[in-house]
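The chain contents come next:
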Amino acid sequence: MKIQIDNIPEEGILLWSKEAADAYPVLADMVRAGECRFEAPIHVSLRARPVREMIEAEGQLETTVRLPCRRCVESFDQPVKRRFRLYFTQEMPEFDDDEDEEGAELSADDIGLTLFKGDAIDFTDALQEQVVLALPNWALCGEDCRGLCPKCGANLNAETCGCDTEVEDDRFAVLKNLKIE
Ligand SMILES: [Zn+2]
Ligand SMILES: [Zn+2]
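Residues numbered from 1 in each chain as written. Chains lettered and ligands numbered in written order. Predicted model: local features only at pLDDT ≥ 70, side-chain atom pairs only at ≥ 80, totals over all residues.

**Student:** Where do I start with the overall build of the chain in this structure?
**Tutor:** From N to C terminus, the chain includes three helices and eight strands. Listed N to C, the secondary structure of the chain is β-β-α-β-β-β-β-β-β-α-α in terms of helices and strands. Sequence-distant contacts, at least 24 apart, represent 58% of the contacts inside the chain between residues at least 6 apart. (Helix = DSSP H or I, 4+ residues; strand = E, 2+ residues; numbered from the N terminus. Contact = placed C-beta atoms within 7 Å.)

Here is the structure:
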């Protein structure tokens, strides 16, 4: 998704896109690495408008990702949705000295700005970052997923294997043999 900044009116403009994950290099890499698969295109809708010297892009993205459950390892489809508000600028804005007490140089990243060159904004990088942020850190096929049997590896959501899975904790095994004088 790209826009010529000259085409952004004062009141803002609505942009909409529906592209396969392949269109986003970072997402394509994740798929190639086998981390997940995208079962739906990346739907993006946003409003771009000038705010001071910057362009604000506010909107949301939606897709469906197929990834393995952390407990039972079965793949499942996870709907993904994220709202975002991003700022783009051609140059770093000037800050008053009193806003920067430590005298440290703030980078564009620190203040959530994306720098762009030329007369068009390409949203690709910022959007793929938002997709990555929207993915669950600890994906579970369901809150009540029972995972795999630690002994025989059976998927306990699908079967009961009959193993005695009372796990003996090694730390207590040591205590058992400890004699108090
Ligand atoms: Zn699971
Ligand atoms: Zn078992």
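**Student:** Help me understand the pairing of strand 6 (residues 75-89), please; the structure alone is not making it clear to me.
**Tutor:** Side-chain direction in a regular strand flips from residue to residue, so the side chains alternate between the two faces of the sheet. One ladder, built from 14 bridges, connects strand 5 (residues 54-68) with strand 6; its direction is antiparallel. Bridge pairing in strand 6 places Gly59 opposite Phe84. From the end of strand 5 to the start of strand 6, which pair antiparallel, there are six residues, and Val73 there has a positive phi angle of about 70°. As paired strands, strand 6 and strand 7 (residues 113-115) are joined by three bridges and run parallel to one another. Along strand 7, the bridge assignment pairs Phe88 with Thr114. (Pairing = 2+ DSSP bridges.)

**Student:** How do you make sense of the environment of Ala158 when you look at a structure like this?
**Tutor:** With respect to the helices, strands and loops of the structure, Ala158 is situated in the loop between helix 2 (124-134) and helix 3 (170-176). On the neighbour-count criterion, Ala158 (10 C-beta atoms within 10 Å) is exposed. Considered as a pair, Ala158 and Arg146 are 12 residues apart in the sequence and their alpha carbons are 9.2 Å apart. (Buried ≥ 20, exposed ≤ 12 C-beta atoms within 10 Å, placed from the backbone.)

**Student:** Would you mind showing me how to read the nonpolar core here?
**Tutor:** The tendency in soluble globular proteins is for nonpolar side chains to be buried as a group. Counting residues in each nonpolar core, the largest one holds 21 residues, and the members touching the most others are Tyr24, Leu27, Ile42, Ala57, Leu127 and Val131. Of all elements in the fold, only helix 1 (25-32), strand 4 (42-51), strand 5, strand 6 and helix 2 reach the threshold of two or more residues within this core. It is strand 5 that provides the largest number of residues to this core, a total of five residues. Contacts of Leu127, omitting those with residues within four sequence positions, involve Met1, Tyr24, Val44 and Leu61. (Core = buried A, V, L, I, M, F, W, Y, C linked by C-beta atoms within 7 Å.)

**Student:** When you look at helix 2 in this model, what are you seeing that I'm missing?
**Tutor:** An α-helix turns once every 3.6 residues. As a result, residues three or four positions apart point the same way. For helix 2, the complete set of buried residues consists of Leu127, Gln128 and Val131. Seen from one end, helix 2 has its buried residues packed into an arc of 95°, which puts them on one side. If you follow the buried residues of helix 2, they end up packed against helix 1, strand 4 and strand 5. (Arc of directions from axis to C-beta.)

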